[in-house]
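So you can see what is in the structure, the chains are spelled out below.
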Amino acid sequence: MQINFDNERPIFIQIAEWIEDAILAGAFPEETQIPSITEFSVNYKINPATALKGINILVEEGIVYKKRGIGMFVAAGAVKKLKEKRKEQFYDNFIRKLVDEAKRLEISKDEVINLLERGYDHEYRN
Amino acid sequence: MSIEIRKISKSYGNIFALDQVSFTFEEDKIYGLLGRNGAGKTTLLNIITNRIFPDTGEVLIDGIPVKENDDALKKVYMMSENNFYPAGMKIKEIYRWTKEFYPDFDTEYANKLADMFELSLNKTVKSLSTGYNSIFKIIIALSVNTPYVFLDEPVLGLDANHRDMFYRLLLEKYSESPSTYVLSTHLIEEVSNVIEHIIILKKGKIIKDESREDLMSYGYAVSGKASLVDEFIIDKNVIGIDSIGGLKSAYIMGQVPKGNLPEGLEISKMDLQKLFIKLTDN
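Residues numbered from 1 in each chain as written. Chains lettered and ligands numbered in written order. Predicted model: local features only at pLDDT ≥ 70, side-chain atom pairs only at ≥ 80, totals over all residues.

- In the annotation of an unreviewed UniProt entry, the entry for chain A reads HTH gntR-type domain-containing protein, and the organism field reads Herbinix hemicellulosilytica.

### Some details on the UniProt feature "domain: HTH gntR-type" (unreviewed entry) in chain A
1) Next: Those places that UniProt annotates as "domain: HTH gntR-type" (unreviewed entry) correspond, in this numbering, to residues 9-77 of chain A.
2) Next: Segment residues 9-77 of chain A splits into 51% helix and 12% strand. End C-alpha atoms: 27 Å apart. (UniProt positions renumbered as here; feature names shortened; annotations may be inferred. Helix = DSSP H or I, 4+ residues; strand = E, 2+ residues; numbered from the N terminus.)

### Regarding the confidence of the model for chain B
Residue and element names in this part refer to chain B.
1) Next: Within chain B, residue pLDDT values average 92, and 100% of them lie at 70 or more.
2) Next: Per-element mean pLDDT across chain B ranges from 86 in helix α2 (residues 70-73) up to 97 in helix α4 (residues 107-116).
3) Next: Predicted complex metrics record ipTM = 0.85 and pTM = 0.88. (pLDDT = per-residue confidence, 0-100.)

### Quick word on the sheet that holds strand β8 (residues 180-184) of chain B
Residues and elements named next belong to chain B.
1) Next: Ordered by their spatial adjacency, six strands build an open sheet running β6-β7-β8-β3-β9-β10, and the pairing between neighbours is mixed. The sheet terminates laterally at β6 (76-79) and β10 (205-211), the two strands that pair on one side only. For this sheet, the mean angle separating the axes of adjacent strands, direction not counted, is 15°.
2) Next: With four bridges connecting them, β6 and strand β7 (residues 148-152) associate as parallel partners. Directly across from Val76, in β7, lies its bridge partner Tyr148.
3) Next: Running at roughly 30° to strand β9 (residues 197-202), helix α10 (residues 272-280) makes contact with β3 (30-35), β9 and β10 of the sheet. (Pairing = 2+ DSSP bridges. Axes fitted to C-alpha atoms, helices over the stretch in contact; angles between N-to-C directions. Contact = placed C-beta atoms within 7 Å.)

### Brief notes about the sheet that holds strand β14 (residues 266-269) of chain B
Residue and element names in this part refer to chain B.
1) Next: Within the open sheet, the four strands sit side by side as β12-β13-β11-β14. Their pairing is antiparallel. At either end of the open sheet lies a strand with only one pairing partner, and these are β12 (237-244) and β14. The mean angle between the axes of side-by-side strands here comes to 25°, regardless of whether they run parallel or antiparallel.
2) Next: Where strand β11 (residues 219-225) meets β14, four bridges bridge the pair, whose relative direction is antiparallel.

### Some words on the interface of chain A and chain B
1) Next: Contacts between the two partners involve 14 residues from chain A and, on the opposite side, 15 residues from chain B.
2) Next: Listing elements by their share of the side of chain A that touches chain B, those giving two or more residues are α2 (37-44) and α3 (48-60) of chain A.
3) Next: Broken down by element, the residue count for the side of chain A that touches chain B peaks at four residues, all from α2(A).
4) Next: Of the residues in the side of chain A that touches chain B, the class split is seven nonpolar, five polar and two charged. (Nonpolar A, V, L, I, M, F, W, Y, C, P; charged D, E, K, R; others polar.)

This is the structure we're talking about:
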């Protein structure tokens, strides 16, 4: 599994997001173990302190927890928690950008709504 | 436990190679020691390992001055670009001699690494290509088990696969038994995510000594129409400017301003390499 780090945000945040994505995609089901700090560090060639910092964000949010002497596990209820968190961020991450770009290109609100509908139709056809 | 560099100065003729350099390498961290050619990196490393002497100042390893002190020097291994090994010596003999001076040298691990890199232990130093010259020294650095390991241009001549292997092995080794590693290199992009703390030397002086994350968090670029950029940067700490046509990018040290930007301006982060270039230009 590859992570393409960008320069815009700190690496530890990108690590945390990558684990979140993997949990949402079902790659790390609840109550299963996630890779160790060393595995993250060696695989992605990042300093272990960076990997630890990323994972600690998820520990603080109750998404993963530590089993002493064994490793890090995905918490029960993590998927639900993550979906709620991502929903809260949906406006900032997607809607605002969409509206900004639409304004820049002078696409009207009605046109944007039409495009959204087209997007949904397209998805259903597949 | 640390290596303390105290007010080191060194000049060659009337040129200051190092000018009142003071900082500390802390225990169990991976450092990047960065600087352009001639910035004083190698001089500094040679002083730390007692290969040359400073004009003034001193280096303390775990509180003990390194000057003429074998006990302090046994805590440090330095892999350098220059070869101090007899050209006709076989690699396996070098490994044996290394173990004489550094009793914690793990011969078994070194042999395993030699196998992974496909380095023949029966070869002599002089018969090695540039890449394998780096490899046999990388292997010592990873097997030597000293509290402080300095690597001066460790990946010189290595192909992409071997470079990748080296960084992974370094991180694996560091995760399992941490030491202080100092990577001195001009391949900044490659080590950017590996290092935790950055020291930048410019013309013999330390211009940055801080965590990678802090350094990266307050370098940014603002781009847009030249007139807008000029207005935006009036009260900012500008470290460089690029212009193309009527567009301009200014590189700024400082916190990214909160709140709305003037219409038509765009802010992006700088990667470490860009930041380094702008900080050490001219």
